[in-house]
Amino acid sequence: MANPPVIIWKDEVERLLRYRELIPRLEVALGKFSWRDSAELIQPVRTTVPLQKHDGFMGLMPAYMENDGVLSTKFVCFYKREDGSTLPATQATVVLLDPEYGNVKAVMDGEVITDMRTAAVSAISAKLLMRPGAEVLAILGTGRQALSHYNVFMEMFSFKEVRVWSHTKERAERFRDSLEEAVRGADVIVTVTRCTEPVLFGQWVKAGAHVAAVGACRPNWRELDDVLMKEAVVYADSREGAMAESGDIILSGVKVFAELGDVINGTKPAHREKTTVFKSLGMGVQDAVSAKLVFDQWKARHSQL
């Protein structure tokens, strides 16, 4: 008979998950996903259920890695919140199952997993696509994702200057002026905002800059304008996910040049000399490898007790 599932709370996930162990696993997973080998990995596009009364959605993100024996899904609720709201913009739980017996092995807090794996994949995009010698990083947003991106970018790279901008209820003129000032001349720009209309404009972006666009995860939400999208070489974590969910891609009418996994696999080039946009939607396989790492670390720690 199967053991009852392990419950791993947020504090423990924070202690167990480390970027130095997570990033190599995510690079392997991104590469496997882009090979589209169903004998290796099965991951459908995220299913969403509208929560109309609460201006939100529930997403279901399953993944099965057959050769690795990993079966998981994430339940995530995300909302369009007003500025100043004390309610969370996202809540997530990851469930790890035994693929042979079908029982739940672990239930764990998904907030830390989501924050860290998202930031780690953005950092992988920068590793692959930003120009050598990049010195200035700009982060648009000040929530949890902004902090996780700051942490991993500081761990992986040696920027000389970091600029952080947040959306406040200031006058529209000052809003645009401060944002433009934050991104002008930046080599790498990370957008992790709650905005549903473009806040980053191509005329402000330095030629050859790399943009990691993390917010705007619905077909009618945007962070980037048409000028930027059409001038850049566009990469994504999942081509199908981007075409189904990314307003920046759908509404601008641009094509996804490649997935990060294609670059990792060597089947598509990294255009470091050009302006690049990485559109991040998040994938179930990213949660799966993160959850397995947390669970393996939990087992190793508790076996020593």
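Residues numbered from 1 in each chain as written. Predicted model: local features only at pLDDT ≥ 70, side-chain atom pairs only at ≥ 80, totals over all residues. Heavy atoms only, no water.

Draft legend 1. Up close: the packing of helix H3 (residues 111-129) against helix H10 (residues 284-303). Viewed as axis vectors pointing N to C, H3 and H10 meet at an angle of 120°, and their least axial separation amounts to 10 Å. Comparing the axis directions of H3 and H10 gives the class oblique. H10 is crossed by H3, and the crossing has right-handed handedness. Taken together, the residues of H10 that come into contact with H3 (itself represented by Ile-113, Thr-114, Arg-117 and Val-121) are Gln-286, Asp-287, Ser-290, Ala-291 and Val-294. (Axes fitted to C-alpha atoms, helices over the stretch in contact; angles between N-to-C directions. Helix = DSSP H or I, 4+ residues; strand = E, 2+ residues; numbered from the N terminus. Parallel < 35°, antiparallel > 145°, perpendicular 65-115°, else oblique. Left-handed = near helix turned anticlockwise from the far one by under 90°. Contact = heavy atoms within 4.5 Å.)

Draft legend 2. Molecular detail of the sheet that holds strand S9 (residues 188-191). The seven strands lie next to each other as S8-S7-S9-S10-S13-S11-S12, forming an open sheet whose pairing is parallel. Both edges of this open sheet fall to strand S8 (161-165) and strand S12 (258-259), since each of them pairs with a single strand only. Two elements, strand S11 (residues 233-236) and strand S13 (residues 276-279), share four bridges in a ladder whose sense is parallel. Across the sheet, the residue bridging to Val-234 is Val-277, located in S13. Against the sheet, H3 engages strand S10 (210-213), S11 and S13, with an angle of about 160° to S10. Strands in contact with helix H4 (residues 144-156) are strand S7 (136-140), S8 and S9; relative to S7, the strand with the most contacts, it is inclined by about 165°. (Pairing = 2+ DSSP bridges.)

Draft legend 3. Highlighting a positive patch on the surface. On the surface, Arg-15, Arg-18, Arg-20 and Arg-301 cluster together into a positively charged patch. Within the secondary structure, Arg-15 sits in helix H1 (residues 10-16). Judged by relative accessible area, Arg-15 falls into the partly exposed class, the value being 44%. (Patch = residues over 30% accessible without salt bridge, like charges linked within 9 Å, V, L, I, M, F, W, Y side chains within 5 Å. Areas by Shrake-Rupley, 256 points an atom, 1.4 Å probe, with all protein chains shown as cover. Salt bridge = Lys/Arg side-chain N within 4 Å of Asp/Glu carboxyl O. Lys, Arg positive; Asp, Glu negative; His and termini not counted. Charge placed at Lys NZ, Arg CZ, Asp CG, Glu CD. Buried < 20%, exposed > 50% of the residue type's maximum accessible area, 1.4 Å probe, protein only.)

Draft legend 4. Inspection of a nonpolar patch on the surface at higher detail. A cluster of nonpolar residues, Leu-147, Tyr-150, Val-162 and Val-164, forms a patch on the protein surface that exposes about 340 Å² of accessible area. Elements with a minimum of two residues in the nonpolar patch: H4 and S8. Here Val-164 shows up in strand S8. Overall, Val-164 belongs to the exposed group, its relative accessible area being 52%.

Draft legend 5. Up close: the pairing of S10. Of the two faces of S10, the one holding His-210 and Ala-212 and the one holding Val-211 and Ala-213 are both buried throughout. Two elements, S9 and S10, share four bridges in a ladder whose sense is parallel. Considered in S10, the bridge of Ile-189 is made with Val-211. Here S10 pairs with S13 via four bridges, running parallel. In the strand pairing of S13, His-210 is matched with Thr-276.

Draft legend 6. Examining the domain arrangement of the chain more closely. Structurally, the chain comprises domain 1 (6-113 + 285-299) and domain 2 (115-282). Counting from both sides, the interface comprises 33 residues of domain 1 and, opposite them, 38 residues of domain 2. Buried area between domain 1 and domain 2, both sides added, is near 3100 Å², and the carbon and sulfur share of it is 56%. For the interface between domain 1 and domain 2, the tally reads six salt bridges. Taken together, the connections running from domain 1 to domain 2 amount to 20 residue pairs in polar contact (both at pLDDT 80 or more). Taken together, the elements giving at least two residues each to the side of domain 1 that touches domain 2 come down to helix H2 (19-35), strand S3 (56-65), strand S4 (70-79), H3 and H10. Looking at the side of domain 1 that touches domain 2 element by element, the count peaks at eleven residues for H2. Residues that form the side of domain 1 that touches domain 2 fall into these classes: 15 nonpolar, six polar and twelve charged. (Domains from an automatic or database assignment. Buried area = accessible area lost by both parts, 1.4 Å probe. Polar contact = N/O pair within 3.5 Å; in protein donor to acceptor, adjacent residues only side chain to side chain. Nonpolar A, V, L, I, M, F, W, Y, C, P; charged D, E, K, R; others polar.)

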